Amino acid sequence: MVLLCAAEAHAAPEPPAVRIEVQRGPGAEGCPDETFLGSEVARRLGADPFEDDAPRALTIHIAREGPELTASLALRDREGKTQWADGFSTRSGCEELLSGVALAIVAQLLGAPEQANSPPEPSAPSGAAPPSEPSAPPPQARRAAPEPPRPTGPAGAPPRPEPPPAGPERLRLEAGLGASLGLGITPGVATGMTLSFGVRRSDWSIAVEGRGLVSLAQEVEGILMGTTGFTAATLACYRGGPLVGCGLATLGAVRFSARDPWTMTARSDSVFGLGARLGTEWPLSRRWSVQGYAEATWMVNEAAFTRVTHDSATPAPLRWASSPLGAALGLGVTTSY
C-alpha cells in the first residue's frame, strides 16, 4: 500500500491542452491564420499542443496601426479568466510577426508550472521497509499538500493587464512637404515644391495637395519667355504594404511672361486633368515617413498662348499648347498625428 501511494504522489499531471484562435483586424486581412501559427509552434516545441475542444483558449488579435502590425495575445481558462497576456509589433510583415508570437507561445508553454514539475524522488525497492525517521512525512502527507498558486507570467514579474479589445482605428491628420518635377504642363521641364494636408484611417487616405512649378525652359521657338504654374489636386489613396496607389483630379493655372516686347494672346491659361499616382512609402518612425511617386495626368483642358501679328514688322504667329498628357515625379516627407 505504501508503494502504491508513493507512485501516485510522484505521477506528473498531464498539461492541459490549448485551442488557438487568430483574429485579423483592419489592415491584417491578408495575414496567415491558425494553421501557419500552429505549425510554427509545433515545429519549435516538437509537439502539437493545440486541440479544438481544449478548455483553455489562446486568442491572438492582429491589426495594423499606422506603419506597424501589432499582435495582442491572451490565454484564458474555461471561466474566461486571463492567465497570460502579451503584445508584439513589427514593420517587417505578417509572417515575421507570427514567428515572434510563436516563440513567445513556446516559451510560455515550456515555462508553465505543469510542465516544470520537480523531478520525482526514487521509489523504494520492492520489499524494502519504509523509512523509520520520525521527521520524514509519510507519502500520504506529501500527496495531500496544497499546490502553489500558478503564476500568470514569467517568474519574478507581475502579471500583465489584459489588453483592451481593439476598436476601429481613429482618423489621423497627415501633412506632407516635398519636391516635384513636372513634364507637359509648361514648355520644357518644370521644378517646384508640393504641400499637402489630409486625413487617414487604416490603409485609406484623402488629401489636398498644392504644387508650384517654374519652367526651366528660357525660350520657345526662339522667343525669351518665363513660365510658372500652380495646381491644386485632390487625392484618394490606398496603401497596400509599402505600395501607395492614388487617383487624383487636378485644377490649376499657367502664367506666360514674355521677355521681349511682342503681343501675346492667351487662349486658355487654366488647366484641368484627371490622373493616377503610384508610389512607395518608407516609415522612419511611428509618425514620420518618406514617400516617392510617379504620376500621369490626362489634360482635359490644356494651357496655351498665341502671338498675334498687327503689322509687317511683327514676326509670324506663334502658338504653343501644353501636352494632352502630363507627368510628374516627386519625393517628400509625411507626418501624421
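Going by the structure above, here's the rest.
Before going into details, it helps to say that this report is about the structure given with it.

Analysis parameters
Residues numbered from 1 in each chain as written. Predicted model: local features only at pLDDT ≥ 70, side-chain atom pairs only at ≥ 80, totals over all residues. Heavy atoms only, no water. Helix = DSSP H or I, 4+ residues; strand = E, 2+ residues; numbered from the N terminus. Buried < 20%, exposed > 50% of the residue type's maximum accessible area, 1.4 Å probe, protein only. Contact = heavy atoms within 4.5 Å. Expected span 1.5 Å × (residues − 1). 1 Å grid on protein atoms, 1.4 Å probe; cavity = no way out; pocket = protein on both sides within 12 Å on 5 of 7 lines; lining within 4 Å. Points joined across faces, edges and corners; volume = space filled by probe spheres on them. Nonpolar A, V, L, I, M, F, W, Y, C, P; charged D, E, K, R; others polar. Pairing = 2+ DSSP bridges. Axes fitted to C-alpha atoms, helices over the stretch in contact; angles between N-to-C directions. Disulfide = S-S within 2.5 Å.

A few points about the overall build of the protein chain
Of regular secondary structure, the protein chain possesses four helices and 16 strands. A burial count over the protein chain gives 38% of its 337 residues as buried. Long-range contacts, defined here as pairs at least 24 residues apart, represent 62% of the contacts in the protein chain between residues at least 6 apart.

Overview of helix α3 (residues 94-110)
When the terminal C-alpha atoms of α3 are compared, their 24 Å separation across 17 residues agrees well with the 24 Å that a helix rising 1.5 Å per residue should span. Among the residues of α3, those classed as buried are Cys94, Leu97, Leu98, Ser99, Val101, Ala102, Ala104, Ile105, Val106, Gln108 and Leu109.

A short note on empty space enclosed by the protein
Applying the stated rule across the entire model yields three cavities of 30 Å³ or more. Taken as a whole, the largest cavity encloses approximately 360 Å³ of empty space. Along its surface, the largest cavity is lined by 27 residues, and Ser196, Glu209, Arg277, Gln291 and Thr334 are the ones closest to its centre. Put simply, the parts of the chain that give the lining of the largest cavity at least two residues each are β5 (172-183), β6 (189-201), β7 (204-215), β9 (223-240), β10 (243-258), β12 (270-283), β13 (288-301) and β16 (325-336). For the lining of the largest cavity, the class distribution of residues is 12 nonpolar, 11 polar and four charged. Counted as a void, the second largest cavity has a volume near 180 Å³. At the level of elements, β5, β7, β9, β12, β13 and β16 are the ones that each hand at least two residues to the lining of the second largest cavity. Here the element with the most residues in the lining of the second largest cavity is β7; it accounts for four residues. In the lining of the second largest cavity, the residues fall into nine nonpolar, six polar and four charged.

Re the sheet that holds strand β1 (residues 18-24)
The strand order β1-β2-β3-β4 describes an open sheet built from four strands, whose pairing is mixed. Only two strands of the sheet have a single partner each, and these edge strands are β1 and β4 (82-90). Within this sheet the neighbouring strands show an average axis-to-axis angle of 15 degrees, counted without direction. Alignment of strand β3 (residues 68-76) against β4, held across eight bridges, turns out to be antiparallel.

Observations regarding the state of the cysteines
Per the counting criterion, the structure on display carries two disulfides. Sulfur-sulfur distance for the disulfide between Cys31 and Cys94 comes to 1.9 Å. Where Cys31 bonds to Cys94 through sulfur, the torsion about that S-S bond is close to -45 degrees, and the disulfide is left-handed. A residue pair is termed long-range when its members are at least 10 positions apart, and Cys31 in the loop between β1 and α2 (34-45) and Cys94 in helix α3 qualify at 63 residues. Take Cys94: its relative accessible area is 18%, and that puts it in the buried class. Cys237 shares a disulfide with Cys246; S-S distance 2.0 Å.

A closer look at the environment of Leu329
Of note, Leu329 is situated in strand β16. Linking Leu329 and Ala179, residues 150 residues apart in sequence, is a C-alpha distance of 8.5 Å. Among all residues touching Leu329, those that are not within four sequence positions of it are Ala179, Ser180, Leu181, Tyr293 and Ala294.

The values are spatial; any link to function lies outside them.
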